[in-house]
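What follows is the residue order along each chain.
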Amino acid sequence: MENIRLNIEKTLDFISKEKLASYEPKVKACMETLEKGTGLGNDFLGWLHLPSSITKEHLNDLKATAQTLRENCDVVIVAGIGGSYLGARAVIEAMSNSFAWLQEKKAGQPTIIFAGHNISEDYLFELTEFLKDKKFGVINISKSGTTTETALAFRLLKKQCEDQRGKEMARKVIVAVTDAKKGAARTTADKEGYKSFIIPDNVGGRFSVLTPVGLLPIAVAGIDIDQLVAGACEMEKVCANENMYENPAALYAATRNELYQSGKKIEILVNFQPKLHYFMEWWKQLYGESEGKDLKGIYPSSVDFSTDLHSMGQWIQQGERSIFETVVSVETPSHELHFPSDEENLDGLNFLAGKRIDEVNKMAELGTQLAHVDGGVPNLRVSVPSLNEYYLGQLIYFFEKACGISGYLLEVNPFNQPGVEAYKKNMFALLNKPGYEKESEAIQARLKK
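Here is what the cut-offs are and how they apply
- The residue numbering used here restarts from 1 in each chain and proceeds along that chain's sequence as written.
- The model is predicted, so local features are restricted to residues of pLDDT at least 70 and side-chain atom pairs to those at 80 or more, both for listing and for counting; the totals for chains, interfaces and linings are taken over all residues.
- To obtain the side-chain values, all non-hydrogen atoms of the structure were included, while hydrogens and water were left out.
- Each residue is assigned to one of three classes by its accessible area relative to the maximum for its type, calculated with a 1.4 Å probe on protein chains only: buried under 20%, partly exposed between the two thresholds, exposed over 50%.
- Only DSSP runs of H or I covering at least 4 residues are called helices, and only runs of E covering at least 2 are called strands; the numbering of each starts at the N terminus.
- Aromatic rings from Phe, Tyr and Trp, with only the six-membered ring used for Trp, were paired whenever their centres fell within 6.5 Å, and each pair was classed as stacked if the ring planes differed by under 30 degrees, edge-to-face if by over 60, and tilted otherwise.
- In the sections that follow, a salt bridge refers to a side-chain nitrogen of Lys or Arg positioned within 4 Å of a carboxyl oxygen of Asp or Glu.
- Here, strands pair whenever DSSP counts at least two bridges between them.
- An axis is simply a line fitted to the C-alpha atoms; with a helix, the fit covers only the stretch in contact. Between two such axes, the angle follows the N-to-C directions and lies from 0 to 180 degrees.
- Residue count minus one, scaled by 1.5 Å, sets the expected span of a helix.

Visitor: Help me understand helix H16 (residues 421-430) in this model?
Guide: Given 3.6 residues per turn, any residue in an α-helix points the same way as the ones three and four places further on. Along H16, the residues classified as buried are Met 427, Phe 428 and Ala 429. Asn 432 sits one or two positions beyond H16 and adopts a positive phi of about 60°.

See below:
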């Protein structure tokens, strides 16, 4: 089978081949640091060889649990936030029919809904109202069990599931994905007798899509997790190549870092396939949380083209030249549809009659690339042969490996997120959580000024 491919040709008018070549020894050193586990955050490298370590027995256990949920639920709620839901949502949205939510569900095909990723009272009220006449189950994803957004949602969902379906059935359709030994979620799972899966200690949330965090919800959605893992395994091999120019993750990391050094501070991830919208959201967390620290880091943004060409297109074409684009391009669509002829031709589009819609889309993509490069926006292109589980697995691992290399090139710890705690401390102090009395006093004093 083919692999995904990276093309950097449209960046070479902005950065020199000589400067890019100078990254070879740096990239090699970063890869060695990852392999030897000698760098910052080395206790969170479990993702590095995760694909090749996943056993058939583990996948079968996940699929069996998913089948139990599929057989006993009309709706399955995935409760998690950040890396505990974005990876699963990225794959599920990419592999699902765009209008599945409007279609009548067949038995054994539950609707997947996400919760625990916000604190919106309206969202949670509307969710609980929607579930009142539904046979639903819950996948509670939290290493600690104390993350406010997820814990709040799970409290509501656990009680409603038990009230509607009885404790015995609730025990069957609530699954915990959590720490092996400690934390509130682990305690609850053991006490209630829930089926549970472990979040490895050495895999951070944003790198966890190929653990049960992502694989279980993806399997519940009826998506082939064997192929997802197989694609990631293949890319794990490809991205082990020490030759920077034959290793797409290494070349991507080097190119984007040289663009950053040349003044391109914002990376826009682009798709021309709307099914990839949530893949872009997953990517934004992966790179934003990994690199945005020590007053450094490329700002990760994303757009859905051609839709956003009619909103963001002007800024990208002629705004401040601090950006570059990475385009994820799906080469072959899953379906075929041809542009019809119209006798009156009032819209003037008969010149497209008989062409596949995808040909028009590809010309929009090429035309956009040419216009943006001419406008001073370097372009990288990641070609994906088709949108299926195998290539999504490749794409996930490619971006993860590149992120590890890129973070070390930037000389930050790509695997921690100390800044995430700041809002939590303030929120707990404002809510008068026990233990935050001093912080509460300090905040109240600030608010009185």
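Visitor: Which parts of the structure should I look at to understand unusual backbone geometry?
Guide: Glycine aside, the phi torsion of most residues is negative, and most peptide linkages are trans. Of the consecutive residues Phe 305 and Ser 306, the connecting peptide bond is found in the cis state with omega at 5°. Within the secondary structure, Ser 306 is located in the loop between strand S8 (299-304) and helix H13 (313-318). If you check the backbone angles, Asp 294 has positive phi at about 55° while not being a glycine. Relative to the assigned elements, Asp 294 resides in the loop between helix H12 (277-291) and S8.

Visitor: Would you mind going over the packing of aromatic side chains with me for this structure?
Guide: Centre-to-centre distance and the angle between the planes together describe a pair of aromatic rings. Applying the stated criterion across every chain, the model contains 17 aromatic pairs. Here Trp 47 and Phe 415 contribute two aromatic rings whose centre-to-centre distance is 6.0 Å and whose plane-to-plane angle is 40°, an arrangement assigned as tilted. Pair noted here: Trp 47 is in the loop between helix H2 (24-36) and helix H3 (50-53) and Phe 415 is in the loop between helix H15 (389-409) and H16, with a separation of 368 residues, a long-range link. In terms of burial, Trp 47 and Phe 415 fall into one category: buried. Summarising the aromatic geometry, the rings of Phe 272 and Phe 305 are spaced 5.6 Å apart at their centres and angled 70° between planes, so their arrangement reads as edge-to-face. On the criterion of sequence distance, the pair formed by Phe 272 in the loop between strand S7 (266-271) and H12 and Phe 305 in the loop between S8 and H13 is long-range, its members being 33 residues apart.

Visitor: Looking at this model, I keep getting lost on the pattern of salt bridges. Mind explaining?
Guide: Side chains that carry opposite charge are capable of pairing whenever their charged atoms lie near each other. Per the stated rule, a full pass over the model turns up 20 salt bridges. As a salt-bridge pair, Lys 182 and Asp 179 come within 3.3 Å of each other at their nearest N and O atoms. Overall, the relative accessible area of 3% leaves Asp 179 in the buried class. In the salt-bridge network here, residues are joined through shared partners; they are Lys 158, Glu 162, Lys 167 and Glu 192.

Visitor: Is there a simple way to think about the pairing of S7 in this case?
Guide: For a regular strand, the rule is simple: side chains alternate between the two faces of the sheet. Taking burial as the measure, the six residues of S7 include five buried ones, the bulk of the element. Bridge count between S7 and S8: six bridges; the pairing is parallel. Paired with Asn 271 across the bridge in S8 is Asp 304. For S7 and strand S9 (residues 323-332), the ladder comprises six bridges, and the chain directions are parallel. Counterpart to Val 270 in the pairing with S9 is Val 327.

Visitor: So what exactly am I meant to see when it comes to the sheet that holds strand S10 (residues 379-386) here?
Guide: Consider a sheet: its strands pair through backbone hydrogen bonds, and that pairing is either parallel or antiparallel. If you trace the five strands from one edge of the open sheet to the other, you get S1-S10-S9-S7-S8, paired in mixed fashion. Of all the strands in the sheet, just strand S1 (5-7) and S8 have a single pairing partner and so form its edges. Across the sheet, the axes of successive neighbouring strands diverge by a mean angle of 20°, strand direction being ignored. Across seven bridges, the pairing between S9 and S10 is parallel.

Visitor: Would you explain the environment of Gly 313 in this entry?
Guide: The residue Gly 313 is located in helix H13 in this model. In sequence terms Gly 313 and His 372 are 59 residues apart; their C-alpha atoms lie 9.2 Å from each other.

Visitor: What is the right way to read H15 from this model?
Guide: If you check H15, its first and last C-alpha atoms are 30 Å apart, about what 21 residues at 1.5 Å a residue would give, namely 30 Å. Extensive coverage of H15 is indicated by the burial of 21 of its 21 residues. Phi turns positive one or two residues past the end of H15, at Glu 411, with a value near 65°.

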